[in-house]
Amino acid sequence: MAAKLETIAVSQLRNEELFGLAQKLIEHFPLLSAATEVKQTLTNYQAATDALDAVLKPLRKSTDTDDIAAADATRDRVLTGMGYFLKSLEYDTTYSKAEQETVQKLQFIFNNYGSVQKLSYIEESGAIHNLLTDLQDVPGYDQLGLDRWTNQLISAEKAFNDLFKQRTDTMAGVRLPVGSTKQAFNALADVHRELTTLVNALVVVKPTVYEPFILRANEIIQRLKAEMKARATRAKKDPEEADE
């Protein structure tokens, strides 16, 4: 029995995932050089991929995007370090009763904010601003060495915000019509389904023409399915990560 091209829930893919899938499949289109029946569909597939690339490119190609991710990682590391530092204060036996009470107040405030690092970029910025305000409002916080961490966090947050604003300003000049990304995504999803249907129908009568492509394509699709499954599992375990 001829192998079939695996189906995938393309509507559940993220923009970049669908674009990446299409790019990888297009690399193997030469294997369909003798498949005259799908020639027009292959042309449409390439055109739809180029269209999605056009709407994603400004953000994907922006050097600010990688810089923002790095800046976010920096402030996350500072937050983690601050948490460990506050925890370590519990074991300092030299503190007076008043200082111990200050430590408890600071720990309570920090812990009350939960996993700030798991928030979206904008939400994390807001949480960091409020966290810094609450910590610095505690009298004597800077006498325990916490100011070294709050100063680092202020610096990391400023660097992140500057980059985020820079990218926003850059992107403002290249915005496409509202809905263009969704439209391009849906067009590529439709032509992918069309290609799958055609290939699976034609492989029955022309297995030698279609199977080489199908075998390569299925490897790509299976890997993407595994990534989707892993992502869904992570989101189920930690719902807060689903919106990241």
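Cut-offs applied
- Residues numbered from 1 in each chain as written.
- Predicted model: local features only at pLDDT ≥ 70, side-chain atom pairs only at ≥ 80, totals over all residues.
- Heavy atoms only, no water.
- Helix = DSSP H or I, 4+ residues; strand = E, 2+ residues; numbered from the N terminus.
- Contact = heavy atoms within 4.5 Å.
- Areas by Shrake-Rupley, 256 points an atom, 1.4 Å probe, with all protein chains shown as cover.
- 1 Å grid on protein atoms, 1.4 Å probe; cavity = no way out; pocket = protein on both sides within 12 Å on 5 of 7 lines; lining within 4 Å.
- Points joined across faces, edges and corners; volume = space filled by probe spheres on them.
- Nonpolar A, V, L, I, M, F, W, Y, C, P; charged D, E, K, R; others polar.
- Phe/Tyr/Trp six-rings, centres within 6.5 Å; stacked < 30°, edge-to-face > 60°.
- Buried < 20%, exposed > 50% of the residue type's maximum accessible area, 1.4 Å probe, protein only.
- Salt bridge = Lys/Arg side-chain N within 4 Å of Asp/Glu carboxyl O.
- Core = buried A, V, L, I, M, F, W, Y, C linked by side-chain atoms within 4.5 Å.
- Polar contact = N/O pair within 3.5 Å; in protein donor to acceptor, adjacent residues only side chain to side chain.
- Axes fitted to C-alpha atoms, helices over the stretch in contact; angles between N-to-C directions.
- Parallel < 35°, antiparallel > 145°, perpendicular 65-115°, else oblique.
- Left-handed = near helix turned anticlockwise from the far one by under 90°.
- pLDDT = per-residue confidence, 0-100.
- Expected span 1.5 Å × (residues − 1).

Considerations on the overall build of the chain
Here's step 1: In terms of regular secondary structure, the chain is built from 8 helices and 0 strands.
Here's step 2: When the elements of the chain are put in sequence order from the N terminus, they spell out α-α-α-α-α-α-α-α.
Here's step 3: Summarising the internal contacts of the chain: among those between residues at least 6 apart in sequence, 81% fall at separations of at least 24.
Here's step 4: Carbon and sulfur atoms provide 54% of the accessible area of the chain, an area that totals close to 14,200 Å².

Some remarks on empty space enclosed by the protein
Rolled over the atoms, a probe with the dimensions of a water molecule shows which regions are left empty.
Here's step 1: Summed over all chains, the structure comprises 1 cavity of 30 Å³ or more.
Here's step 2: Leu-79, Phe-110, Tyr-113, Gly-114, Val-116, Gln-117 and Leu-131 together form the lining of the largest cavity.
Here's step 3: Looking at the lining of the largest cavity, its residues break down into 5 nonpolar, 2 polar and no charged.

Focus: the packing of aromatic side chains
Here's step 1: One pass over the structure, following the stated rule, counts 6 aromatic pairs.
Here's step 2: Geometrically, the ring pair formed by Phe-29 and Phe-213 is tilted, given 6.0 Å between the ring centres and 55 degrees between the ring planes. With Phe-29 in the loop between α1 (15-27) and α2 (39-61) and Phe-213 in helix α8 (residues 207-237), the pair connects residues that are 184 residues apart, well separated along the chain. There is no split in this pair, since Phe-29 and Phe-213 are both buried.
Here's step 3: On the numbers, 6.3 Å between centres and 90 degrees between planes, the contact of Tyr-121 with Phe-164 is edge-to-face. With Tyr-121 in helix α5 (residues 121-136) and Phe-164 in helix α6 (residues 147-172), the pair connects residues that are 43 residues apart, well separated along the chain.
Here's step 4: What makes Tyr-121 partly exposed here is its relative accessible area of 28%.
Here's step 5: Through a chain of ring-to-ring contacts, three or more aromatic side chains come together here, namely Phe-29, Tyr-45 and Phe-213.

Some remarks on the pattern of salt bridges
Here's step 1: The tally for this structure, following the rule as stated, stands at 8 salt bridges.
Here's step 2: For Asp-72, the salt bridge goes to Arg-75, with nearest N and O atoms at 2.9 Å. Taken together, the residues span about one helical turn, with Asp-72 and Arg-75 both in helix α3 (residues 63-88) at a distance of 3 residues. No difference in accessibility class separates Asp-72 from Arg-75, as the two residues are buried.
Here's step 3: Within this structure, Asp-72, Arg-75, Glu-124 and Glu-157 form a network of salt bridges that share partners.

Things to note about the nonpolar core
Here's step 1: The biggest cluster of nonpolar side chains holds 38 residues, and the ones touching the most others in it are Phe-29, Tyr-45, Leu-52 and Tyr-210.
Here's step 2: Looking at this core, the elements that each hand over two or more residues are α1, α2, α7 (180-202) and α8.
Here's step 3: The residues touching Tyr-45, leaving out its near neighbours within four places in the chain, are Ala-22, Leu-25, Ile-26, Phe-29, Leu-188, Val-191, His-192 and Leu-195.
Here's step 4: Counting 24 residues, the second-largest nonpolar core is a separate cluster that includes Leu-89, Phe-110, Val-138 and Ala-156.

Digging into the side chain of Thr-196
Here's step 1: Topologically, Thr-196 is positioned in helix α7.
Here's step 2: For Thr-196, a relative accessible area of 8% puts it in the buried group.
Here's step 3: In this structure the side chain of Thr-196 is engaged in a polar contact, spanning 3.0 Å, whose partner is the backbone oxygen of His-192.
Here's step 4: Non-local contacts of Thr-196, meaning those with residues more than four positions away in its chain, are made with Leu-5, Glu-6 and Thr-7.

Considering the packing of α1 against α7
Here's step 1: Across the interface, α1 lies against α7 with an axial gap of 11 Å and an inter-helix angle of 40 degrees. As far as their axial angle goes, α7 and α1 are oblique. Classified by chirality, the crossing of α7 by α1 is left-handed. Residue-level inspection shows Asn-15, Leu-18, Leu-21, Ala-22 and Leu-25 of α1 in contact with α7, the latter providing Thr-181, Phe-185, Leu-188, Ala-189 and His-192.

Brief notes about the confidence of the model for the chain
Here's step 1: Chain-level statistics for the chain give a pLDDT mean of 87 and a share of 89% at 70 or above.
Here's step 2: Considering each helix and strand of the chain separately, the mean pLDDT is smallest for α2, with a value of 84, and largest for α7, with 95.
Here's step 3: When the criterion is pLDDT under 50, residues 239-244 qualifies, and its contacts beyond four places in sequence or with other chains add up to 9 contacts.

A closer look at α1
Here's step 1: Relative to the 18 Å expected for 13 residues at 1.5 Å per residue, α1 spans 19 Å between its end C-alpha atoms, a close match to the ideal helical length.
Here's step 2: Within the sequence span of α1, burial applies to Glu-17, Leu-18, Phe-19, Gly-20, Leu-21, Ala-22, Leu-25 and Ile-26.

Observations regarding the environment of Gln-46
Here's step 1: Along the chain, Gln-46 turns up in helix α2.
Here's step 2: Here Gln-46 falls in the partly exposed class, since its relative accessible area comes to 30%.
Here's step 3: Considering only alpha carbons, one finds Gln-46 and Leu-188, 142 residues apart in sequence, at a separation of 8.9 Å.

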